[in-house]
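Chain by chain, the residues run as shown.
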Amino acid sequence: MKILRNFIVDRSAASAAEFALVLPLFTLFFVGIIDVGLYAWSINRAEKATQVGARWAVVTDLVPSGLADYSFATQASPLVPQGETVPQSAFPDITCTGAGSISCNGSFGAANSAAFTAIVNRMRQIDGRIQNQNVRVIYSWSGLGFSGDPNGPDVAPIVTVEVNNLQFSPISGVIFGATMNLPTLAYSLTSEDGSGTYSN
């Protein structure tokens, strides 16, 4: 009995036992702080890639291949008199995606795959996770330009580059087997040329 009583009241390893109880909680807390920082860094990197993609898109070739040469004064229905601003009703949003094959909706020609790929490749220099299927390039009416412009495209659209469905794998995901989706990111600029050339 005396040995058992001595064992119960012995405090010589109390610190080690308390440390063993606190260590898992401290480790989870510490890893959680690192994960929050990595998550913010991943969003920042993807956001910067989106901004660079938008900048690349407005100074290089248009992804809808026929838009650069499309004349609203001779090809639109109804025609827009030469010299007038192209109305929003004549220029619906054009969305170009890289999911599967590269394609654009609307009636402004097939997608310029090389131009789309050049945008994505430039974005990948900032964030290597980005693939064609994560990117959408949207051309929207801005009210700039005029019908029958002899020096370039009739419209100078607002170009929005959007990145979606990027995954973030936290360090704690190794323990819990979880990944997280980053939010959809978008950045818009007004097209500067639309008939430029791209390079890698």
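These remarks concern the structure in this document. (Residues numbered from 1 in each chain as written. Predicted model: local features only at pLDDT ≥ 70, side-chain atom pairs only at ≥ 80, totals over all residues. Heavy atoms only, no water.)

### Some points on the overall build of the chain
The helix and strand inventory of the chain stands at four helices and seven strands. Traced from its N-terminal end to its C-terminal end, the chain shows the element sequence α-α-β-β-α-β-β-β-α-β-β. Scored against the burial criterion, the 200 residues of the chain give a buried share of 36%. About 11500 Å² of surface is accessible on the chain, with carbon and sulfur atoms providing 58% of the total. (Helix = DSSP H or I, 4+ residues; strand = E, 2+ residues; numbered from the N terminus. Buried < 20%, exposed > 50% of the residue type's maximum accessible area, 1.4 Å probe, protein only. Areas by Shrake-Rupley, 256 points an atom, 1.4 Å probe, with all protein chains shown as cover.)

### Focus on helix α3 (residues 113–124)
The end-to-end C-alpha separation of α3 is 16 Å, in line with the 16 Å expected for twelve residues at 1.5 Å each. Within α3, burial applies to Ala115, Phe116, Ala118, Ile119, Val120 and Met123. (Expected span 1.5 Å × (residues − 1).)

### Describing the layout of surface pockets
By volume, the largest pocket amounts to about 150 Å³. Residue lining of the largest pocket: 14 residues in total, with Phe72, Ala76, Ser77, Ser89 and Ala90 positioned closest to the centre. Considered class by class, the residues forming the lining of the largest pocket number ten nonpolar, four polar and no charged. (1 Å grid on protein atoms, 1.4 Å probe; cavity = no way out; pocket = protein on both sides within 12 Å on 5 of 7 lines; lining within 4 Å. Points joined across faces, edges and corners; volume = space filled by probe spheres on them. Nonpolar A, V, L, I, M, F, W, Y, C, P; charged D, E, K, R; others polar.)

### A look at the state of the cysteines
Throughout the structure, instances matching the rule amount to one disulfide. Residue Cys96 pairs covalently with Cys104 via a disulfide, S to S 2.0 Å. The sign of the 110 degrees torsion about the S-S bond sets the Cys96-Cys104 disulfide as right-handed. Exposure class is identical for Cys96 and Cys104. Each is buried. (Disulfide = S-S within 2.5 Å.)

### Side note on the packing of aromatic side chains
Overall, the coordinates contain seven aromatic pairs when judged by the stated rule. Taking 6.3 Å as the distance between ring centres and 15 degrees as the angle between the ring planes, the aromatic pair formed by Phe26 and Phe30 counts as stacked. Here Phe26 pairs with Phe30, and both are found in helix α2 (residues 14–59), just four residues apart, close to one helical turn. When the centroid spacing of 4.8 Å and the interplanar angle of 75 degrees are considered together, the rings of Tyr70 and Phe72 count as edge-to-face. (Phe/Tyr/Trp six-rings, centres within 6.5 Å; stacked < 30°, edge-to-face > 60°.)

### Quick look at the pairing of strand β1 (residues 94–97)
Because side chains alternate across β1, one face comprises the buried residues Ile94 and Cys96, and the other comprises Thr95 and Thr97, none of which is buried. Pairing analysis gives four bridges linking β1 to strand β3 (residues 135–140), with the strands arranged antiparallel. The partner of Thr95 across the bridge, within β3, is Ile138. (Pairing = 2+ DSSP bridges.)

### With respect to the pattern of salt bridges
Here the structure, examined in full by the defined rule, presents three salt bridges. When the shortest N-O distance is used, the salt bridge between Asp127 and Arg45 registers 3.8 Å. Taken together, the residues Asp127 in the loop between α3 and β3 and Arg45 in helix α2 connect sequence positions 82 residues apart. The exposure class assigned to Arg45 is partly exposed, which follows from its relative accessible area of 23%. Measuring nitrogen to oxygen at the nearest pair gives 2.9 Å for the salt bridge that ties Arg136 to Glu162. Within this pair, whereas Arg136 is found in strand β3, its partner Glu162 is found in strand β4 (residues 158–163), the two being separated by 26 residues in sequence. (Salt bridge = Lys/Arg side-chain N within 4 Å of Asp/Glu carboxyl O.)

### Re the sheet that holds strand β2 (residues 103–104)
Adjacent strands of a sheet pair through backbone hydrogen bonds, lying either parallel or antiparallel. The strand order across the open sheet built from five strands is β2-β1-β3-β4-β7, with neighbouring strands paired in antiparallel fashion. Each end of this open sheet is capped by a strand with a single partner; those strands are β2 and β7 (185–190). For β1 and β2, the ladder comprises two bridges, and the chain directions are antiparallel. By the bridge assignment for β2, Thr97 is matched with Ser103. The strands that α3 touches are β1, β3 and β4; relative to β3, the one it contacts most, it runs at about 120 degrees. (Contact = heavy atoms within 4.5 Å. Axes fitted to C-alpha atoms, helices over the stretch in contact; angles between N-to-C directions.)

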